[in-house]
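One-letter residues, chain by chain:
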Amino acid sequence: MEKVKTFLKRATRVKTVSDDIHETALRRCLNTFDMTLLGIGHMIGAGIYVLTGTVVRKKAGASGVLSYLFAGFTALLSALCYAEFGARVPKAGSAYSYTYVTIGEIWGFVIGWNIILEHMIGAASVARAWSGAIDSIFDGALRNGTLTHIGYLSHKNPWISEYPDLLATAITIVVFIVVATGAKFSINFNSAFTILNGVVIAFIIIAGFTYANTAYWKDSQYGGFFPYGFGGTLGGAASCFFAYIGFEGIAISSEEARNPEKSVPIATLVSLAVVTLLYMLVTSSLTLMVPYYEINTSAAFPSAFAAVGSEWAKYVVAAGTLLGMTTSLLGSAFSLPRSVYAMAEDGLLFQFLAKVHPKTQTPLYSVAIFGLLSALMALFFEIDTLVEFMSIGTLFAYTIVAASIIILRYLPVSRCQFKLKPEQEGQQNQEEVSTEKSSIVKKSKSHDDFGKLRESLREIPILRHLEPGNGVVWATVILGALFLGLTGLLIYGFHLLQQTTWWAILLVILILIAVIFFYLVIVAHEQNDAFLTFQIPLVPFIPVMSMFLNIALMMSLSYLTWIRLGIWMVIGFLVYFIYGIHFSRENRTCEGYGPMVEYHGDAKLPDSSLSTMEEEVKEQQPSRREEGYF
């Protein structure tokens with residue numbers, strides 16, 4: 001039993017936040033503008049040129065405009081959580097670092113392992129799309145030539161590509177070489193391509209609206225605005241979500257930002273707003289040019305311009321496609337080695353992966369090894385398989401980050417590793433309220449209250465016996481489980497609800513009641529709102545909504561995707577239990593790990609008489625406030 005306790009203690013230890021959180025072996029050279037363009041470039045490429053045609057043609061029709069809006073809103077909730085953590089923990093690991101600091105090591109490893117998979121597959125899938133765009137310009141000559149001279153890899157296999165994509169492999173290697181040259185050069189390269197791509201997108205929007213026919217949205221003979229119903233619009237939103245995952249690259253680059261506390265929140269919110277607007281505008285121009293059922297999913301915009309008699313425009317669109325996909329590929333290639341570096345630096349992956357080249361100040365071993373793995377994925381796997389596999393790991397990471405925000409906001413100050421604002425004075429300058437029997441100093445909200453039940457609710461059964469913060473942790477975990485059950489029932493048992501099956505309806509009602517109850521359990525505790533860095537509003541509502549929407553999108557993915565995730569996680573756990581848990585920096589630092597910061601409450605009472613107690617308390621208050629934050 002003692003061994004089990006020791007093991008659990010080691011697996012759930014949290015990462016110690018250093019006194020100088022800005023210290024890094026990487027080069028801090030990025031400003032807010034650089035990071036904003038990094039986010040836009042990472043998000044805008046594959047979404048517009050690859051996803052838009054498929055979403056409109058097969059899932060949503062003209063209402064794909066709303067699909068992008070809904071997906072953008074869901075991404076915004078996750079992005080706000082990332083922005084708060086990114087400003088507070090400006091480290092390359094992004095969600096991995098946030099989870100490690102807040103929940104514990106094994107959860108941090110799980111998230112980090114999934115982020116590595118996300119960026120590897122992200123780079124490979126965009127490289128495949130880049131190759132496909134080139135092939136479409138030459139009317140399939142690359143595909144036909146490869147099949148003729150090399151042959152088939154598979155026939156209609158859902159996992160393996162039909163033929164080895166040598167061009168996708170080559171462009172992946174080239175982009176990783178660019179990333180290896182250094183952060184500033186990579187970002188300048190990205191910024192130039194993103195601005196040029198923006199010019200092409202402006203052309204698509206303006207030119208598309210000049211051929212607009214509003215009948216395609218209004219008349220039933222063309223399917224109207226909702227040809228697949230509102231359910232199709234929501235299904236399209238699940239697919240569109242892939243287009244927004246690039247905002248995480250901003251958080252990952254925070255370790256190379258000059259002023260991450262300011263740059264990360266601003267770059268995240270601005271890039272998401274710009275990208276959502278652009279997606280909605282290009283989708284509008286596409287669906288107003290031609291009926292949704294005539295859109296070519298593999299070359300949506302070139303075929304649409306050809307249909308309205310502008311053959312020449314397809315070459316402009318092709319140039320934009322290559323620019324956009326190059327920036328998207330660069331975003332994944334930039335983020336991947338930095339995620340690996342963060343885990344290796346903490347000892348959870350092999351130490352040599354954390355070595356930084358003194359000249360380029362980039363983790364070259366991580367760039368080389370994982371760049372090669374991405375290139376091999378681009379060579380052998382189909383793009384559809386890659387995209388769906390990536391989505392589930394990403395959504396899982398977003399869910400855990402949202403849960404981490406809730407847990408962190410309700411931790412007691414003794415377990416909080418971040419600098420806090422000083423305690424606030426009472427509203428009336430702590431004026432004394434005197435009676436005949438006593439003299440009482442009016443007390444303001446104290447840091448000691450964080451994580452505890454609100455004063456009027458401190459006699460609630462069960463909760464009153466839990467340590468501060470633990471009630472919120474359990475409520476958050478249970479909410480996640482309830483959301484899994486609720487979304488599973490709504491997605492896979494929707495036909496039962498339509499048939500008014502009594503037990504299905506009753507189950508939904510009971511789950512909703514339980515969701516409300518555990519949400520109120522979280523609200524019943526005192527929240528820590530004294531952080532010095534950016535804080536998202538409406539906690540716990542925003543992170544709880546983010547958890548629900550992310551879990552709903554995860555549950556909409558196929559069972560094969562869950563199987564693939566399971567295989568990847570088995571490999572990850574082998575790495576962690578054979579290597580990571582033993583060589584973790586936290587394991588080397590101290591055996592009996594405890595919080596980095598201990599909160600010092602009231603100072604020792606002075607050796608004075610009780611008659612002077614009130615005066616002494618007043619003298620000690622400023623010192624106590626100074627010790628309550630770091």
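Procedures and definitions
Residues numbered from 1 in each chain as written. Predicted model: local features only at pLDDT ≥ 70, side-chain atom pairs only at ≥ 80, totals over all residues. Heavy atoms only, no water. Helix = DSSP H or I, 4+ residues; strand = E, 2+ residues; numbered from the N terminus. Buried < 20%, exposed > 50% of the residue type's maximum accessible area, 1.4 Å probe, protein only. Contact = heavy atoms within 4.5 Å. Areas by Shrake-Rupley, 256 points an atom, 1.4 Å probe, with all protein chains shown as cover. Core = buried A, V, L, I, M, F, W, Y, C linked by side-chain atoms within 4.5 Å. Patch = residues over 30% accessible without salt bridge, like charges linked within 9 Å, V, L, I, M, F, W, Y side chains within 5 Å. Salt bridge = Lys/Arg side-chain N within 4 Å of Asp/Glu carboxyl O. Axes fitted to C-alpha atoms, helices over the stretch in contact; angles between N-to-C directions. Parallel < 35°, antiparallel > 145°, perpendicular 65-115°, else oblique. Left-handed = near helix turned anticlockwise from the far one by under 90°. Nonpolar A, V, L, I, M, F, W, Y, C, P; charged D, E, K, R; others polar. Polar contact = N/O pair within 3.5 Å; in protein donor to acceptor, adjacent residues only side chain to side chain. pLDDT = per-residue confidence, 0-100. Phe/Tyr/Trp six-rings, centres within 6.5 Å; stacked < 30°, edge-to-face > 60°. Arc of directions from axis to C-beta.

S.K.: Please set out the overall build of the protein residue by residue, giving values where relevant.
M.R.: Of the regular secondary structure elements, the protein holds 23 helices and 2 strands. Taken over 630 residues, the protein has a buried fraction of 54%. For the protein, contacts bridging at least 24 residues in sequence account for 83% of all contacts bridging at least 6. Working note: accessible area of the protein is about 27500 Å², and carbon and sulfur atoms make up 65% of it.

S.K.: Tell me about the nonpolar core, and name the residues and values.
M.R.: Within the largest apolar cluster, 157 residues are counted, with the highest numbers of intra-cluster contacts made by Y82, I116, Y244 and L349. The leading source of residues in this core is helix α5 (residues 105-137), at 18 residues. Setting aside residues up to four positions removed in sequence, I116 forms contacts with L336, S339, V340, M343, L349 and F370. Within the second largest apolar cluster, 11 residues are counted, among which are I187, A257, V264 and A267.

S.K.: Can you lay out a nonpolar patch on the surface for me, pointing to particular residues and giving the numbers?
M.R.: A contiguous nonpolar surface patch, about 760 Å² in accessible area, is contributed by L153, F350, F352, Y365, I369, L372, L373, L376 and F380. Owing to a relative accessible area of 38%, L376 belongs among the partly exposed residues under this scheme.

S.K.: Give a description of the environment of A124 that names residues and reports values.
M.R.: For A124, the position within the fold is in helix α5. Note on A124: relative accessible area 0%, which makes it buried. Placed 254 residues apart in sequence, A124 and A378 show a C-alpha to C-alpha distance of 4.4 Å.

S.K.: Tell me about the pattern of salt bridges, and name the residues and values.
M.R.: Opposite charge on two side chains permits them to pair, given that their charged atoms come into close proximity. What the rule picks out here adds up to 4 salt bridges. A salt bridge links K15 to D346, with the nearest nitrogen and oxygen atoms 3.2 Å apart. Of this pair, K15 sits in the loop between α1 (2-11) and α2 (32-60) while D346 sits in the loop between α14 (313-345) and α15 (364-380), and the two are 331 residues apart along the sequence. With a shortest N-O distance of 3.3 Å, E345 and R585 are connected by a salt bridge. Highlighted residues: E345 in helix α14 and R585 in helix α22 (residues 585-589), separated in sequence by 240 residues. A residue is classified by how much of its surface remains accessible, and E345, at 28% relative accessible area, is partly exposed. The partly exposed category is assigned to R585, whose relative accessible area is 36%.

S.K.: For the packing of helix α12 (residues 260-289) against helix α13 (residues 300-307), give the residues involved together with the corresponding values.
M.R.: Running from N to C, α12 and α13 point in directions that differ by 40 degrees, and their axes come no closer than 10 Å. Taken together, α12 and α13 sit at an angle that is classed as oblique. Relative to α13, the crossing made by α12 is left-handed. In this structure, α12 uses V282, S285, L286 and M289 to contact α13, whose residues at the interface are A300, F301, A304 and F305. When grouped by side-chain class, the residues that make up the contact of α12 with α13 number 7 nonpolar, 1 polar and no charged.

S.K.: Residue-level account of the environment of G480, with values.
M.R.: You can see G480 is positioned in helix α17 (residues 470-492). On the basis of relative accessible area, G480 is assigned to the buried category, the value being 12%. Considering only alpha carbons, one finds G480 and I400, 80 residues apart in sequence, at a separation of 9.4 Å. If near-sequence neighbours (up to four positions away) are discounted, G480 is found in contact with M547 and I551.

S.K.: Please give an account of the side chain of R13 that cites residues and values.
M.R.: Mapped onto the secondary structure, R13 falls in the loop between α1 and α2. Look at R13 and you get buried, because its relative accessible area is 7%. A polar side-chain atom of R13 sits 2.9 Å from the main-chain carbonyl oxygen of I581.

S.K.: How would you summarise the confidence of the model for the protein if you had to cite specific residues and measurements?
M.R.: Per-residue confidence for the protein gives a mean pLDDT of 79; residues scoring 70 or more make up 83%. Considering each helix and strand of the protein separately, the mean pLDDT is smallest for strand β2 (residues 439-441), with a value of 38, and largest for helix α19 (residues 502-523), with 93. Low pLDDT (under 50) marks residues 426-444, which in the prediction has 20 contacts with non-local residues, meaning those over four places away or in another chain.

S.K.: Mind laying out the packing of aromatic side chains, listing which residues take part and the relevant values?
M.R.: Centre-to-centre distance and the angle between the planes together describe a pair of aromatic rings. By the definition in use, this model includes 22 aromatic pairs. Ring centres of F225 and F226 lie 5.0 Å apart, and the angle between their planes is 85 degrees; this geometry places the pair in the edge-to-face category. F226 gets classed as partly exposed once you look at its relative accessible area, which sits at 38%. Ring geometry for F517 and F518: centres 5.1 Å apart, planes at 80 degrees, overall edge-to-face. Put simply, the rings of F109, W113, W568, F573, Y576 and F577 touch in pairs and so form one group of aromatic residues.

S.K.: So what about α13? Which residues, and what values?
M.R.: For α13, every residue scored as buried is listed here: A300, F301, A304 and F305. The buried residues of α13 occupy an angular sector of 120 degrees when projected down its axis, which confines them to one face. Once α13 finishes, G309 follows within two positions and takes phi at roughly 90 degrees, a positive value.

S.K.: Describe the packing of helix α7 (residues 166-180) against α14, and please don't skip the residues or the numbers.
M.R.: Packing of α7 against α14 leaves a shortest axis separation of 9 Å and a crossing angle of 60 degrees. As far as their axial angle goes, α14 and α7 are oblique. The two elements α7 and α14 meet at a crossing, and its hand is right-handed. From α7, I171, T172, V175, F176, V178 and V179 reach across to α14, where they touch L329, L330, A333, F334, L336, P337 and R338. A per-class count over the contact of α7 with α14 returns 11 nonpolar, 1 polar and 1 charged.

S.K.: Go over the environment of I150 with me, naming the residues and quoting the values.
M.R.: Assignment of secondary structure puts I150 in the loop between α6 (141-149) and α7. Residue classification places I150 among the exposed positions, given a relative accessible area of 51%. Spatially, the C-alpha atoms of I150 and Y163 are 8.2 Å apart, while their sequence positions differ by 13 residues. When near neighbours in sequence (up to four residues on either side) are disregarded, I150 contacts P164 and L166.

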